Amino acid sequence: MNNKGFEEDNEPWDLVLDPKTKWYSLRLNELFRFKDLLLLFVRRDFVSIYKQTILGPLWFFVQPIITSIIFAITFGMLGGISTDGLPQILFYLTGITLWNYFSDTLVKTSDTFTANASIFGKVYFPRLIVPLSVVLSNLVKFGIQFLLFLAVWLYYIITTDKVHPNSTILLIPFLILLMGFLGLAMGIIISSITTKYRDLKFLVSFGVQLLMYASPIVFPLSLVTEKYPQYKIFIIANPITSIIEAFKYAFLGVGELNFFYLGYSLLFTIVLFFIGLIIFNKVEKSFMDTV
Amino acid sequence: MSKIVLSAKNISKQYRLGQLGTGTISHDLNRWWHKARGKEDPYLQVGDANDRTSKGGSDYVWSLKDINFDVRQGDVLGIIGKNGAGKSTLLKILSQVTTQTTGQIKIRGRIAALLEVGTGFHPELTGRENIFLNGAILGMTKQEIKNKFDEIVNFSGVEKYIDTPVKRYSSGMMVRLGFAVAAHLEPEILIIDEVLAVGDAEFQKKCMGKIKNVAGEGRTVLFVSHNMQAMSSLCKNGILLKNGTIDEIGDINSCIKKYNGLFNDSVIGTASIKDRLERANSTGNILFNNIQAFSNGQKSWDFKYDEEIHLKFDCEVRTNSHGALFYMALLDPITTDVLTNIKVIVKEGPLQQGEKISFSIIIPSKTLRIGQFLLYFAIGDPQTQKWYDIVDSNVNLPALTITASDSDIHSNIGVFSIPYKIQINS
């Protein structure tokens with residue numbers, strides 16, 4: 001050992017740790033090395049929730065069913081809000097299924113740093129693994145709820161002639177991906193900011209609820225076009241709107257499919273995701289000091 | 001000479017003291033404003049040295065300041081220092097849990113840190129599932145864990161419960177399982193933080209053996225512990241940290257010697273012991289102010305086997321009391337099991353407030369065998385046997401260290417010499 005460092009040393013270093021890194025060095029290759037960890041986290045999330053329950057993953061069905069029924073009673077029957085002539089349960093269930101994927105991802109990723117501080121404080125692995133695992137485990141949950149939706153959907157196709165699926169259905173994987181990444185992008189930005197200032201945390205849970213009412217979940221976009229065309233721009237500015245509308249259009253044949261709006265949502269998601277990555281990457285290095 | 005596998009240059013780490021809150025944002029804005037104009041961070045120029053006993057004027061403190069060292073392949077480097085000297089901060093930076101404020105670290109090969117055993121264990125998952133999860137968190141791939149799975153289970157000794165959720169495990173079983181996974185990591189550089197302070201004696205021996213093996217295989221180990229015996233037997237080189245700077249670097253034994261010396265001038269000083277008592281929120285009627293150890297009339301915690309051990313205690317009576325009962329135990333430094341104890345009334349009552357009590361315990365020479373002994377002592381009421389003040393191993397007292405004397409070669413075996421008589425019958 002010497003602490004003068006005067007001798008020849010030409011071999012390359014495997015890892016150089018500097019206090020600050022360039023904003024574009026995201027070390028994404030490292031993520032790949034930890035892919036097993038990603039899958040184990042997904043498995044952990046999924047397995048641990050339903051240990052010691054009898055119904056297990058069937059519980060995933062309960063929430064969308066009850067919510068659809070409540071929406072049908074309050075907004076459909078009492079409020080008399082139009083559902084574009086569709087069976088109310090199917091209309092609400094369609095929106096809720098996709099919305100849940102977004103909101104679950106957002107809420108769960110938004111406390112990445114604070115909720116995992118005890119692990120992060122003891123061992124290093126690419127922190128992005130955690131929010132990515134949330135996206136994936138929520139995708140599994142979404143898959144199960146999607147099966148429920150498909151069952152209800154098929155039931156209404158057979159028993160009524162109001163449902164008109166069309167070729168837009170091919171867009172579905174893309175729409176789901178977009179929803180997941182939008183939730184992830186917002187989530188990692190919020191989690192990065194809340195490491196130091198917790199103020200935003202108070203906004204998340206009720207902000208997400210407000211956002212739902214600014215998205216066409218409990219009402220069709222056509223209702224806004226019809227009644228308040230001057231405010232439609234605000235609903236459209238919400239990047240979730242066009243995704244939900246396209247999703248509904250694909251399965252139900254009603255709603256508004258607009259590729260210009262969808263392009264906007266795509267661009268919004270991409271830009272937000274990269275901003276999120278950069279902030280997250282900057283914060284992950286030293287958040288332990290402030291969390 | 002083997003190649004350098006880890007090189008740290010000018011590592012410094014600054015922390016902000018106090019709570020984060022509304023006041024913090026003004027500093028953040030100021031910092032940002034300086035940066036925007038291309039100036040240096042104004043808060044990097046301030047900051048006190050890392051000395052927790054004195055309260056500095058600045059909101060910022062340098063937990064580490066200008067740390068430079070190189071580690072060569074196959075080195076077992078011991079990092080020692082008092083609580084708060086910056087050991088954990090250094091480990092956190094080396095293991096990438098947090099980042100240094102200034103300086104650069106360069107590493108060759110895979111590095112893994114063991115700052116805690118069983119990181120990320122999920123209580124609902126079974127032992128088997130947690131082995132995979134914990135292994136992956138520490139950086140192993142699924143295939144690597146699969147290959148070593150049987151070995152890990154064997155080492156942990158919890159085969160029977162491997163398919164039971166770990167929430168049903170005893171804390172000892174959790175630790176065993178956690179260490180078993182960690183012990184089967186195979187990084188080129190391994191960082192270990194005092195995880196040996198857990199588990200029973202048998203398991204600790206197993207762990208120490210494992211660490212020795214790791215070092216024997218030519219891998220590099222950075223090891224932090226307060227257990228000087230483990231340090232001197234495992235490590236060749238050492239770094240002694242003091243208030244965030246390197247106080248001594250080089251041979252482990254000279255670091256340990258200097259480390260033990262640190263206590264003689266500060267912690268054993270009257271002020272520090274009083275600090276400790278206030279922190280412990282003690283309401284005792286009699287409190288310890290000071291303890292000093294003398295060998296041959298010199299202040300020292302190092303003794304030769306054939307030297308008398310002289311321990312001097314000073315107490316102060318805070319509230320009128322019946323008398324003073326003194327208790328002292330010698331503990332095994334690894335297991336903290338009581339090896340032997342004494343109980344004696346040092347002062348008959350009644351005692352008046354403000355009265356000082358001073359007494360010495362003298363252990364005859366050739367009583368304690370070679371090794372280390374931790375002190376545990378208390379003062380209490382001789383009538384009710386209630387303890388007013390207890391000084392345990394949470395306080396940074398150095399261990400009594402007994403080394404060999406020239407005159408006796410059998411004194412390195414066992415713990416105590418016993419008094420005996422011999423009777424020759426024919």
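Residues numbered from 1 in each chain as written. Chains lettered and ligands numbered in written order. Predicted model: local features only at pLDDT ≥ 70, side-chain atom pairs only at ≥ 80, totals over all residues.

J.: Describe the overall build of chain A, listing the residues and the values that go with them.
T.: The helix and strand inventory of chain A stands at 13 helices and 1 strand. Of the regular secondary structure in chain A, the N- to C-terminal order runs β-α-α-α-α-α-α-α-α-α-α-α-α-α. Projected onto its principal axes, the C-alpha positions of chain A cover 85 × 50 × 35 Å. Here the analysis covers contacts within chain A between residues at least 6 apart in sequence; of these, 81% occur between residues at least 24 apart. (Helix = DSSP H or I, 4+ residues; strand = E, 2+ residues; numbered from the N terminus. Contact = placed C-beta atoms within 7 Å.)

J.: So what about the overall build of chain B? Which residues, and what values?
T.: Helix and strand counts for chain B come out as 9 helices and 20 strands. Every one of the 426 residues in chain B was classed for burial, and the buried ones make up 39%. Long-range contacts, defined here as pairs at least 24 residues apart, represent 70% of the contacts in chain B between residues at least 6 apart. (Buried ≥ 20, exposed ≤ 12 C-beta atoms within 10 Å, placed from the backbone.)

J.: Report on the confidence of the model for chain A, specifying residues and quantitative values.
T.: Averaged over every residue, the pLDDT of chain A is 87; the share at 70 or more is 95%. Across residues 1-8 of chain A the pLDDT falls below 50, and counting only partners more than four positions away or on other chains, this stretch makes 13 contacts in the model. (pLDDT = per-residue confidence, 0-100.)

J.: Kindly report on the packing of helix α4 (residues 88-109) of chain A against helix α8 (residues 172-194) of chain A, identifying the contributing residues and their values.
T.: Residue and element names in this part refer to chain A. Relative orientation of the contacting elements α4 and α8 amounts to 25°, with a least axis distance of 7 Å. Viewed along their axes, α4 and α8 adopt a mutual orientation that is roughly parallel. In terms of crossing hand, the pair formed by α4 and α8 is right-handed. Of α8, the residues touching α4 (which contributes Leu98, Tyr101, Phe102, Thr105, Leu106 and Thr109) are Ile176, Met179, Gly180, Leu182, Gly183, Leu184, Met186, Gly187, Ile188 and Ser191. (Axes fitted to C-alpha atoms, helices over the stretch in contact; angles between N-to-C directions. Parallel < 35°, antiparallel > 145°, perpendicular 65-115°, else oblique. Left-handed = near helix turned anticlockwise from the far one by under 90°.)

J.: Report on the sheet that holds strand β11 (residues 286-295) of chain B, specifying residues and quantitative values.
T.: Residue and element names in this part refer to chain B. As summarised here, the arrangement of the 4 strands in space is β12-β11-β14-β17, forming an open sheet in which the pairing is antiparallel. Looking along the sheet, the strands with just one partner apiece sit at the ends: β12 (298-299) and β17 (356-363). Where β11 and β12 come together, 2 bridges link them in antiparallel fashion. Pairing of phenylalanine 294 across the sheet is with lysine 299, part of β12. (Pairing = 2+ DSSP bridges.)

J.: Requested: an account of the nonpolar core, with residues and values cited.
T.: Of all hydrophobic cores here, the largest spans 161 residues; its most connected members are Leu37(A), Ile129(A), Ile79(B), Ile191(B) and Phe223(B). Two domains each put at least three residues into this core: domain 1 (4-12 + 67-260) and domain 2 (267-403) of chain B. Among all residues touching Ile191(B), those that are not within four sequence positions of it are Leu91(B), Leu94(B), Ser95(B), Ala113(B), Leu114(B) and Leu222(B). (Core = buried A, V, L, I, M, F, W, Y, C linked by C-beta atoms within 7 Å. Domains from an automatic or database assignment.)

J.: Account for helix α3 (residues 59-78) of chain A, with residues named and values stated.
T.: Residues and elements named next belong to chain A. An ideal rise of 1.5 Å per residue puts 28 Å on 20 residues; α3 measures up with 28 Å between its terminal C-alpha atoms. At alanine 72, α3 shows its maximal kink, close to 30°. Of the positions making up α3, those classed as buried are Phe60, Pro64, Ser68, Phe71, Ala72 and Gly76. Contacts from the buried residues of α3 go to α4 and α7 (129-159). Just past α3, the residue glycine 80 takes up positive phi, approximately 65°. (Expected span 1.5 Å × (residues − 1). Bend = angle between axes of the 7 residues up to and from the residue.)

J.: Outline helix α3 (residues 127-137) of chain B, supporting the account with residue identities and numerical values.
T.: Across the 11 residues that make up α3(B), a large majority, 10, are buried. When α3(B) is considered as a whole, its buried residues turn out to be Gly127(B), Glu129(B), Asn130(B), Ile131(B), Phe132(B), Leu133(B), Asn134(B), Gly135(B), Ala136(B) and Ile137(B). The inward-facing, buried residues of α3(B) contact α2 (35-49) and α6 (117-120) of chain A together with α4 (142-156) and α5 (171-183) of chain B.

J.: Describe the pairing of strand β5 (residues 102-107) of chain B, listing the residues and the values that go with them.
T.: Burial of the side chains of β5(B) is restricted to one face: Gly103(B), Ile105(B) and Ile107(B) are buried, whereas none of Thr102(B), Gln104(B) and Lys106(B) on the reverse face is. Pairing geometry for strand β1 (residues 15-17) of chain A and β5(B), over 3 bridges, is antiparallel. Directly across from Val16(A), in β5(B), lies its bridge partner Lys106(B). One ladder, built from 5 bridges, connects strand β1 (residues 4-16) of chain B with β5(B); its direction is antiparallel. Within β5(B), the position partnered with Ala8(B) by the bridge is Ile105(B).

J.: Describe the domain arrangement of chain B, and please don't skip the residues or the numbers.
T.: In terms of domain boundaries, chain B breaks down into domain 1 (4-12 + 67-260) and domain 2 (267-403). A C-alpha centroid distance of 33 Å is found between domain 1 of chain B and domain 2 of chain B.

J.: Could you give an account of the confidence of the model for chain B, naming the residues involved and the relevant values?
T.: Residues at a pLDDT of 70 or more form 84% of chain B, whose mean pLDDT is 80. Across the assembled chains, the prediction reports ipTM 0.83 with pTM 0.73.

J.: Lay out the interface of chain B and chain A with the relevant residues and their values.
T.: At the junction of the two partners, chain B supplies 44 residues and chain A supplies 33 residues. Residue assignment for the side of chain B that touches chain A shows that the elements contributing at least two residues are β1, β3 (60-72), β5 and α3 of chain B. Tallying contributions element by element places β5(B) first for the side of chain B that touches chain A, with 6 residues. Class assignment of the residues belonging to the side of chain B that touches chain A gives a composition of 17 nonpolar, 18 polar and 9 charged. (Nonpolar A, V, L, I, M, F, W, Y, C, P; charged D, E, K, R; others polar.)

J.: Break down the pairing of strand β20 (residues 400-403) of chain B for me, with residues and values.
T.: Residues and elements named next belong to chain B. Here 3 bridges tie strand β13 (residues 302-304) to β20, and the two strands are oriented parallel to one another. Note that in β20 the partner of phenylalanine 303 across the bridge is isoleucine 402. In the sheet, strand β18 (residues 371-380) pairs with β20 via 3 bridges, with the strands oriented antiparallel. Following the sheet pairing, glutamine 372 is matched in β20 by threonine 401.

J.: Lay out the environment of Gly74(B) in plain terms, naming residues and giving numbers.
T.: Residue and element names in this part refer to chain B. Among the secondary structure elements, glycine 74 is positioned in the loop between β3 and β4 (76-81). Glycine 74 gets classed as partly exposed once you count the C-beta atoms within 10 Å, which come to 16. Spatially, the C-alpha atom of glycine 74 lies 39 Å from that of arginine 168, the residues being 94 residues apart in sequence. The residues touching glycine 74, leaving out its near neighbours within four places in the chain, are Ser2, Gly218 and Thr220.

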